[in-house]
Amino acid sequence: MLIVAAPILLTLSQYRQFRREERLISAFSETLAFCMGRIHSELTSLPDLTDDLCENGPPELYGFWKSIAEELERGSEDFPAIWSQALYGVGLEGDVSATLLSFPAALRSYDTECICAALHRLAERLEREQQQRHETFHRDFKIHTGVRVSAGVLLLILLL
Amino acid sequence: MKKDSPRYRLAARLLPHRMYAAAMQCTDELCSGAEEFRLRRGQMPSILAAKGETPFFNETVEEHDLQTVLDRATEFSVYRSAESIRRGFVTIEGGFRVGLCGRAVWRDGEIATLREISSVSIRIGREMKGIADALYPQLWDGERFESTLILSPPGGGKTTLLRDLIRIVSCGDAAHPPLRTAVVDERCEIAAVCHGMAQFDMGLHTDILSAAPKDEGILMLLRAMNPQVIAVDEITAPSDLRAMEQAANCGVGFLATVHGYDREDLRRRSVCRALLDTELFRRFIIVEHRMGRRSYRVESC
């Protein structure tokens, strides 16, 4: 039974992980839109933005923003380092993580128009990568699931 | 101000970590007179006091050190302070002013921003409540508050005295009623408003207009807030004088400061001479330094 169940459980776990990452990426996209709005209309500072996101941002990222708020409160010198450490804690990998690493650089400008343009580009990149991930996962998922289930059934027949 | 004083520590916290540690190890003598931390790229950072500048850390200031100070001063949000940076300073919570120097970027005939920051000064704003208590009764003529001009050379403590006078005028004392006071804080130095809150005690009846030019600010306050006294720091332009005259005609009293040693010294400069000729001010507070101590002299005319 275990031999048959193992590939199915593995598939389910992979699907769960994919869904979790999907939700995280969507949450980051939502956050970028939130930041653009606040920076453009209210010139909200980063600590205020962080506090706001801790309470009103996507729930998936509460912990992420809370850790950043704590580091800012502690008086850390280097925001890119704080950001990358928090991002590492979230568990996103690959291209998405690399894209999100450029968030602190996007805030570097003196001009809110430039910041919004940079955040907009970042959001577009994120969306493209999410789309790509989606396609890749579904293609691989079908193949891998088929192979694993077939292997499991074959094993079961052999054992019986 | 000793190194364990909260104001010294708060100002030092703007410094990069390595310099903060050094600033907190300075002698009490150096810290007690500290007026500013000064960081210049390629030079050792120093503490500015009445005696001059004294280095407090034996490594030179690098580009990233200046960036760290700017990041901390703007809370990693330079975009929020862009307008202020354009004018060469950032005011932060606690009433500290960070002055900036670098390469000015010109656009449409005016400074658009500063790039390549080359030096930074962190001014430790002081609040000395009570220094004007003894002077205040002398600024009245019977039932009437007389417009007062504070004279002192740069770094003499004009703003500190002005701040305390605003507080007393606004609160009143046993013999005099509180007056509605308005402040035009052009360089955000008097009240150092941060997130809408004055960082110094400005009294109970004070309205503060921050970051506005003095001439426009005076007229704006006159129209909007119906003040009895308007306070401004460092009168330098003829347009300031014109605005003050206009407000004085509406019965408003003034509290103002100007660079100068005494009235004779003012007469040597055209704008200040014009200021005296308006006879707007009936009281003069002259800040004097003797044996390292400050004293105040009130003159009437």
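Higher on the page you've got the structure.
Residues numbered from 1 in each chain as written. Chains lettered and ligands numbered in written order. Predicted model: local features only at pLDDT ≥ 70, side-chain atom pairs only at ≥ 80, totals over all residues. Heavy atoms only, no water.

(A) Focus on the overall build of chain A. Looking only at helices and strands, one finds seven helices and zero strands in chain A. Secondary structure elements in chain A, listed N-terminal to C-terminal, are α-α-α-α-α-α-α. For chain A, whose C-alpha radius of gyration is 20 Å, the value lies well above the compact-globule estimate of 15 Å for 160 residues. Oriented by its inertia axes, the alpha-carbon framework of chain A measures out at about 70 × 30 × 25 Å. When each of the 160 residues of chain A is scored for burial, the buried share is 40%. If you sum the accessible surface of chain A, you get close to 9200 Å²; carbon and sulfur atoms cover 58% of it. (Helix = DSSP H or I, 4+ residues; strand = E, 2+ residues; numbered from the N terminus. Rg over C-alpha atoms; globule rule 2.2 N^0.38 Å. Buried < 20%, exposed > 50% of the residue type's maximum accessible area, 1.4 Å probe, protein only. Areas by Shrake-Rupley, 256 points an atom, 1.4 Å probe, with all protein chains shown as cover.)

(B) Geometry of empty space enclosed by the protein. All names here are of chain B. Applying the stated criterion to the full structure yields two cavities of 30 Å³ or more. Computed from the structure, the largest cavity encloses a volume of approximately 70 Å³. Looking at the lining of the largest cavity residue by residue, the classes come out as two nonpolar, no polar and seven charged. Taken as a whole, the second largest cavity holds about 40 Å³ of empty space. Lining the second largest cavity are E127, M128, K129, T160, R163, D164, R167 and D201. Considered class by class, the residues forming the lining of the second largest cavity number one nonpolar, one polar and six charged. (1 Å grid on protein atoms, 1.4 Å probe; cavity = no way out; pocket = protein on both sides within 12 Å on 5 of 7 lines; lining within 4 Å. Points joined across faces, edges and corners; volume = space filled by probe spheres on them. Nonpolar A, V, L, I, M, F, W, Y, C, P; charged D, E, K, R; others polar.)

(C) The layout of surface pockets, seen in detail. The calculated volume of the largest pocket comes to roughly 1300 Å³. Lining the largest pocket we find 40 residues, and of these R72(B), A73(B), E75(B), I92(B) and E93(B) sit closest to its centre. Going through the elements one at a time, α2 (46–56) and α3 (62–74) of chain A together with α1 (6–12), α2 (17–23), α4 (63–73), α5 (82–86) and β4 (89–92) of chain B are the ones with two or more residues in the lining of the largest pocket. In terms of residue class, the lining of the largest pocket is made up of 18 nonpolar, 11 polar and 11 charged.

(D) Structural detail: the packing of aromatic side chains. For the coordinates displayed, the defined rule picks out 14 aromatic pairs over all chains. Ring geometry for F18(A) against F137(A): centres 3.9 Å apart, planes inclined by 0°, an arrangement best described as stacked. Of this pair, F18(A) sits in helix α1 (residues 2–42) while F137(A) is found in helix α7 (residues 112–159), placing the two residues 119 residues apart along the sequence. On the basis of relative accessibility, which here comes to 16%, the residue F137(A) falls in the buried class. An angle of 85° between the planes, with centres 5.2 Å apart, marks the rings of F28(A) and F64(A) as edge-to-face. A residue pair is termed long-range when its members are at least 10 positions apart, and F28(A) in helix α1 and F64(A) in helix α3 qualify at 36 residues. Neither residue differs from the other here; F28(A) and F64(A) are each classed as buried. Through successive ring pairs, a cluster of aromatic residues spans F28(A), F64(A), W65(A), F79(A), W83(A), F103(A) and F76(B). Here R115(B) stacks its cationic end above the ring of Y110(A), 4.8 Å away from the centre of that ring. (Phe/Tyr/Trp six-rings, centres within 6.5 Å; stacked < 30°, edge-to-face > 60°. Lys NZ or Arg CZ within 6 Å of the ring centre and 35° of its normal.)

(E) Spotlight on the interface of chain A and chain B. Counting from both sides, the interface comprises 20 residues of chain A and, opposite them, 20 residues of chain B. Summed over both partners, the interface of chain A with chain B comes to about 1600 Å²; 53% of that surface belongs to carbon and sulfur atoms. On the chain A side of the interface with chain B, the three residues burying the most area are E77(A), R108(A) and Y110(A), jointly 49% of the side's total. The tally of links between chain A and chain B comes to two salt bridges. Here R72(B) makes a salt bridge to E77(A), at a shortest N to O gap of 3.9 Å. Between the two partners, chain A and chain B, sit seven residue pairs in polar contact (both at pLDDT 80 or more). Among the elements of the structure, α2, α3 and α7 of chain A are those that each provide at least two residues to the side of chain A that touches chain B. Counting residues per element, the side of chain A that touches chain B draws most heavily on α2(A), which supplies three residues. Residues of the side of chain A that touches chain B, tallied by class, amount to nine nonpolar, six polar and five charged. (Contact = heavy atoms within 4.5 Å. Buried area = accessible area lost by both parts, 1.4 Å probe. Salt bridge = Lys/Arg side-chain N within 4 Å of Asp/Glu carboxyl O. Polar contact = N/O pair within 3.5 Å; in protein donor to acceptor, adjacent residues only side chain to side chain.)

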